[in-house]
Amino acid sequence: MTTRLFLSPTPPRQEREEASKSIATSIKHDAYLPRQVPEDLPAAQADGRRVLVDRFGRIARDLRVSLTDRCNLRCTYCMPAEGLEWLPTEQTLDDAEVLRLIRIAVVKLGIRQIRFTGGEPLLRKNLKDIIAGTATLLTDEGEKVRIALTTNGLGLDKKIAGLKEAGLDRVNISLDTIDAQRYISLTRRDRLFGVLSSIDAAVSAGLHPVKINAVVMPGVNEVDIVPLAEYCLSKGAQLRFIEQMPLGPREQWKRGDMVTAQEILDRLGTQFDLTPAKEPRGAAPAALWNAVDKTNPEIAGKLGIIASVTHPFCGDCDRSRLTTDGTIRNCLFSRTETPLRDAMREGASDDELADLWAGAMWEKKPGHGIDDEGFLQPDRPMSAIGG
Ligand code: SAM
Ligand code: SF4
């Protein structure tokens, strides 16, 4: 078997600082820059533990695990009506393989949070067992690994109690409109009621804060911005608006046409008094705002805006991604991937897999490059990467 080994993924501090300085002159947006290069990056330790660090000093603590590329909705910005060519089952990781790679990530590579996603992760048959297996792992800080789920919500109301019992801590539910007709044309399915019922179930289950993700598209659901915000605030859920990214059907996204974070804020400002929230943002993608309804002050709470395109937060990114066919991606927009599945099936040891993973993360670029001349969308669609 051939594996590429990266025995020393943590370079000397001087090399890291020089790498950071060199990108400062070659990129346009300072939000791409790491906020700080850690003072004392731990090198590989005697017990084999290390961290997933890249050449700009960012450390990955958050792993997105895609459990399937399949989905029961067909959101227009994500998939064509007929679906995609799904990965054959034999090419996807089985439960034991997923759990092995998660264990390596947590126990050997310093990952502290796992977010299950897809495709639609609730379609994964043994999701509850995978969560339960993950929940047994302790992080390098000696705490239970935090477990989150990003889902379209369909069927979550029936499963939430079991998933929580298995160890699920947080849930993000996607909802781009609360208008029944627009929901049908946006997702090509008549399932709005099921999602709303799952939001209620998640709030009642106490998975606080229940986060709602809404992608805003020009001429499609800008009119939903205020009604969605009122709905989520009145439910005690935290709505986050996401700028649409070039990750769906190729002809669809145009930089000049997208609805920007500023436009979303402007619309919200017509109905809400908004003040920036005080909490430090850290590696979180959403900038949070305190919102109070101007006509009914009882409707109040936090709203988030994820300005992935107009104010990228790549400099603070702490994510690594594992696709359902066992490939490591160091960025949503990466055009290269590091497959672990075949190495694993050919007998690679945990340390060899950890080396491959560390090497993949070391190569992470400073930013997603959406604004760069010659930017190319990744070949994999969002649903096969894991959003
Ligand atoms: N099926 C689950 C869901 O919809 O939540 C999980 C997978 S989905 C790919 C994850 C998130 O990515 C969703 O919140 C979805 O709205 C978002 N998403 C999909 N395509 C996107 C795009 N082109 N730009 C921004 N967000 C996108
Ligand atoms: Fe499915 Fe999520 Fe993509 Fe919608 S955004 S089609 S729910 S994977």
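Worth saying up front: this structure is predicted, and the values here are computed from it rather than measured. (Residues numbered from 1 in each chain as written. Chains lettered and ligands numbered in written order. Predicted model: local features only at pLDDT ≥ 70, side-chain atom pairs only at ≥ 80, totals over all residues. Heavy atoms only, no water.)

Participant: I'd love a proper account of the site of ligand 1, names of residues and values included.
Facilitator: Taken together, 17 residues form the shell around ligand 1, and within it Tyr77, Gly119, Glu120, Ser174 and Met245 come nearest. Taking Glu120, its side chain carries an N or O atom lying 3.1 Å from a nitrogen atom of ligand 1. Residue Thr151 places a main-chain N or O atom 3.3 Å away from an oxygen atom belonging to ligand 1. Summarising the interface, the protein chains cover 95% of the accessible area of ligand 1, which totals 540 Å² for the free molecule. Listing elements by their share of the shell around ligand 1, those giving two or more residues are β5 (146-151), β7 (211-216) and β8 (238-243). Of the residues assigned to the shell around ligand 1, the class counts are five nonpolar, 10 polar and two charged. (Near = heavy atom within 4 Å. Polar contact = N/O pair within 3.5 Å; in protein donor to acceptor, adjacent residues only side chain to side chain. Areas by Shrake-Rupley, 256 points an atom, 1.4 Å probe, with all protein chains shown as cover. Helix = DSSP H or I, 4+ residues; strand = E, 2+ residues; numbered from the N terminus. Nonpolar A, V, L, I, M, F, W, Y, C, P; charged D, E, K, R; others polar.)

Participant: Hey, could you go over the site of ligand 2 for me, with residue numbers and the actual values?
Facilitator: Around ligand 2, the surrounding shell consists of Cys71, Leu73, Cys75, Cys78, Gly119 and Asn152. The residue inventory of the shell around ligand 2, partitioned by class, reads four nonpolar, two polar and no charged.

Participant: Would you mind going over the pattern of salt bridges in detail, with residue names and values included?
Facilitator: This structure, assessed with the given rule, holds 22 salt bridges. A salt bridge links Asp157 to Lys158, with the nearest nitrogen and oxygen atoms 3.8 Å apart. When the shortest N-O distance is used, the salt bridge between Arg335 and Asp379 registers 3.7 Å. Of this pair, Arg335 sits in the loop between β13 (327-329) and β14 (338-339) while Asp379 sits in the loop between α10 (350-362) and α11 (382-385), placing them 44 residues apart in sequence. Looking at Arg335, the relative accessible area reads 43%, which means it is partly exposed. Exposure remark for Asp379: the relative accessible area of 61% places this residue in the exposed category. Connected via shared salt-bridge partners are Arg61, Arg112, Asp140 and Glu141. (Salt bridge = Lys/Arg side-chain N within 4 Å of Asp/Glu carboxyl O. Buried < 20%, exposed > 50% of the residue type's maximum accessible area, 1.4 Å probe, protein only.)

Participant: Account for helix α8 (residues 261-269), naming residues and giving values.
Facilitator: Inspection of α8 places Ala261, Ile264, Leu265 and Leu268 among the buried residues, and these make up the whole buried set. Buried residues of α8 fall within an arc of 100° about the axis and therefore sit on the same side. If you follow the buried residues of α8, they end up packed against β7, α7 (225-235), β8, β9 (272-276), β10 (287-293) and β11 (300-306). (Arc of directions from axis to C-beta. Contact = heavy atoms within 4.5 Å.)

Participant: Which residues make up the nonpolar core, and what values do they have?
Facilitator: The biggest cluster of nonpolar side chains holds 94 residues, and the ones touching the most others in it are Phe116, Phe241 and Trp357. Counting residues in each nonpolar core, the second largest holds nine residues, with Met245, Trp253, Met258 and Phe333 among its members. (Core = buried A, V, L, I, M, F, W, Y, C linked by side-chain atoms within 4.5 Å.)

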